[in-house]
Amino acid sequence: MHYFRVPKEYWRDRMLKMKACGLNVLTTYVPWNLHESKRGKFDFSGNLDIWTFLDIAAEVGLWVILRPGPYICSEWDLGGLPSWLLRDKDMQLRTTHKGFVEATEAYFDQLISTVAGHQYMRGGAIIAVQVENEYGSYAKDANYMEFIKTALERRGIVELLLTSDNKDGISSG
């Protein structure tokens with residue numbers, strides 16, 4: 001259940017329906033491009049209020065697998081990465097290129113440090129956090145996944161870390 005695709009007023013209702021269907025876990029992407037549509041200007045209000053979303057999940061009794069990216073999925077323009085990244089003519093997305101690392105660090109500073117308090121070990125609903133998404137299909141930088149993993153852990157992520165890759169991509173991602 002992607003919080004940013006469902007009006008905030010319906011989050012509890014949808015989660016209760018999920019529980020009624022027998023589900024006990026939901027996954028959600030975190031779209032960087034929506035939370036930081038302009039460089040340095042973060043928005044976590046209204047439909048982007050991930051903290052309220054996580055609180056409701058905990059209240060309803062659903063566990064959460066958080067998928068913060070930075071890249072979330074090819075079904076989104078630029079995989080959910082903010083378009084302003086492309087203003088850097090030398091940008092190398094999803095790599096340890098200095099410009100991408102700096103932007104990702106700033107994004108994670110805003111997001112991860114605060115959602116870390118919503119982890120199971122701290123009384124919250126987050127039981128796992130995805131390190132990137134399907135990187136094995138891309139795999140341009142052998143150091144990238146370690147960078148993302150370390151960036152998450154440095155900001156307090158202690159729950160299970162996982163990735164999503166197909167059988168061919170898992171060895172590369």
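On a predicted model such as this, the values are computed, not experimentally measured, just so you know.

Peer 1: What am I meant to see in the overall build of the protein here?
Peer 2: The helix and strand tally for the protein stands at five helices and four strands. Beginning at the N terminus, the succession of helices and strands in the protein can be written as α-β-α-α-β-α-β-α-β. Its C-alpha atoms give the protein a radius of gyration of 16 Å, near enough to 16 Å, the size a compact globule of 173 residues would have. If you line up the protein on its principal axes, its C-alpha atoms span 50 × 35 × 30 Å. For the protein, long-range pairs separated by at least 24 residues make up 75% of all intrachain contacts whose partners lie at least 6 apart in sequence. Of the accessible surface of the protein, which amounts to about 8,500 Å², a share of 50% is contributed by carbon and sulfur atoms. Distance between charge centroids for the protein: 2 Å, based on 20 positive and 22 negative side chains.

Peer 1: Please explain the sheet that holds strand E4 (residues 160-162) as it appears in this structure.
Peer 2: In a beta sheet, neighbouring strands pair by backbone hydrogen bonds and run either parallel or antiparallel. Pairing is parallel in the open sheet, where four strands are placed in the order E1-E2-E3-E4. In this open sheet, the two strands that pair with only one neighbour each are strand E1 (25-29) and E4. With strand direction ignored, the average angle separating the axes of adjacent strands in the sheet is 25°. For E1 and strand E2 (residues 63-67), the ladder comprises five bridges, and the chain directions are parallel. The residue bridging Leu26 from the neighbouring strand is Val64, located in E2.

Peer 1: Explain the packing of aromatic side chains here, please?
Peer 2: Working definition: an aromatic ring pair is given by the centre-to-centre distance plus the angle between the planes. Using the criterion set out here, one finds 15 aromatic pairs in the structure. Members of the aromatic cluster, connected to one another through ring pairs, are Trp32, Trp84, Phe100, Tyr107, Phe108, Tyr135, Tyr144 and Phe147. Positioned above the aromatic ring of Tyr71 is the side chain of Arg94, whose terminal nitrogen or guanidinium carbon lies 3.6 Å from the ring centre.

Peer 1: Teacher, can you tell me more about the pattern of salt bridges here?
Peer 2: Here the idea is simple: oppositely charged side chains can pair when their charged atoms come close. Scanning the entire structure with this criterion turns up twelve salt bridges. A salt bridge links Asp90 to Lys89, with the nearest nitrogen and oxygen atoms 3.5 Å apart. Relative accessible area serves as the criterion here: at 74%, Lys89 is assigned to the exposed category. Glu105 is the partner of Arg154 in a salt bridge, and the nearest nitrogen-oxygen pair spans 2.6 Å. Of this pair, Arg154 sits in helix H5 (residues 144-154) while Glu105 is found in helix H4 (residues 98-115), placing the two residues 49 residues apart along the sequence. Here the salt bridges do not stand alone but share partners, grouping Glu105, Asp109, Arg154 and Arg155 into one network.

Peer 1: What exactly am I supposed to notice about unusual backbone geometry here?
Peer 2: Across the chain, the bulk of peptide bonds are trans and the bulk of non-glycine residues have phi less than zero. Omega for the peptide link from Gly69 to Pro70 comes to 20°, which places this bond in the cis form. Within the secondary structure, Pro70 sits in the loop between E2 and H4. Positioned with a positive phi, Glu132 is a non-glycine residue whose angle comes to about 60°. Tracing the chain through its elements places Glu132 in the loop between strand E3 (126-130) and H5. In this structure Glu132 comes out as buried when scored by relative accessible area, which is 0%. Residues other than glycine seldom take positive phi values, yet Glu134 does so here, at roughly 50°. Checked against the element boundaries, Glu134 lands in the loop between E3 and H5. The class of Glu134 is partly exposed, set by a relative accessible area of 37%.

Peer 1: Could you clarify how one ought to interpret the UniProt feature "domain: Glycoside hydrolase 35 catalytic" (unreviewed entry) in the protein in this entry?
Peer 2: Annotation from UniProt places "domain: Glycoside hydrolase 35 catalytic" (unreviewed entry) at residues 1-163. Between the first and last C-alpha atoms of residues 1-163 the distance is 18 Å; the span itself is 33% helix and 11% strand.

Conventions we followed
Starting from 1, residues in each chain are numbered consecutively following that chain's sequence as written. Local features in this predicted model are restricted to residues of pLDDT 70 or higher, and side-chain atom pairs are both shown and tallied only at a pLDDT of 80 or more, whereas totals for entire chains, interfaces and linings draw on every residue. As a rule here, side-chain values come from all non-hydrogen atoms in the structure, and water together with hydrogens is ignored. By definition, any uninterrupted DSSP run of H or I lasting at least four residues is a helix, any uninterrupted run of E lasting at least two residues is a strand, and each is numbered from the N terminus. We take the radius of gyration over the C-alpha atoms and set the globule estimate at 2.2 Å times the residue count to the 0.38 power. What makes two residues a contact is simply this: any of their non-hydrogen atoms within 4.5 Å. Residue exposure ignores everything except the shown protein chains as possible cover, and the areas themselves are Shrake-Rupley values with a 1.4 Å probe. Neither His nor the chain ends contribute to the count of charged residues, in which Lys and Arg are positive and Asp and Glu negative. A single reference atom marks each charge: NZ on Lys, CZ on Arg, CG on Asp, CD on Glu. Any two strands between which DSSP finds at least two bridges are classified as paired. For every element, the axis is a line fit to its C-alpha atoms; helices are fit only across the contacting stretch, and the angle between N-to-C directions ranges from 0 to 180 degrees. For Phe, Tyr and Trp, rings pair up if their centres lie within 6.5 Å, where Trp contributes its six-membered ring, and each pair is then called stacked (planes under 30 degrees apart), edge-to-face (over 60) or tilted (otherwise). Here, over-ring charges are defined by two tests on the NZ atom of lysine or the CZ atom of arginine: distance to the ring centre within 6 Å, and angle to the ring normal within 35 degrees. Any Lys or Arg side-chain nitrogen located within 4 Å of an Asp or Glu carboxyl oxygen qualifies as a salt bridge. Think of it in three bands: with a 1.4 Å probe and only protein chains considered, a residue is buried below 20% of the maximum accessible area for its type, exposed above 50%, and partly exposed in between. UniProt positions are given in the numbering used here, feature names are shortened, and annotations may be inferred rather than shown by experiment.

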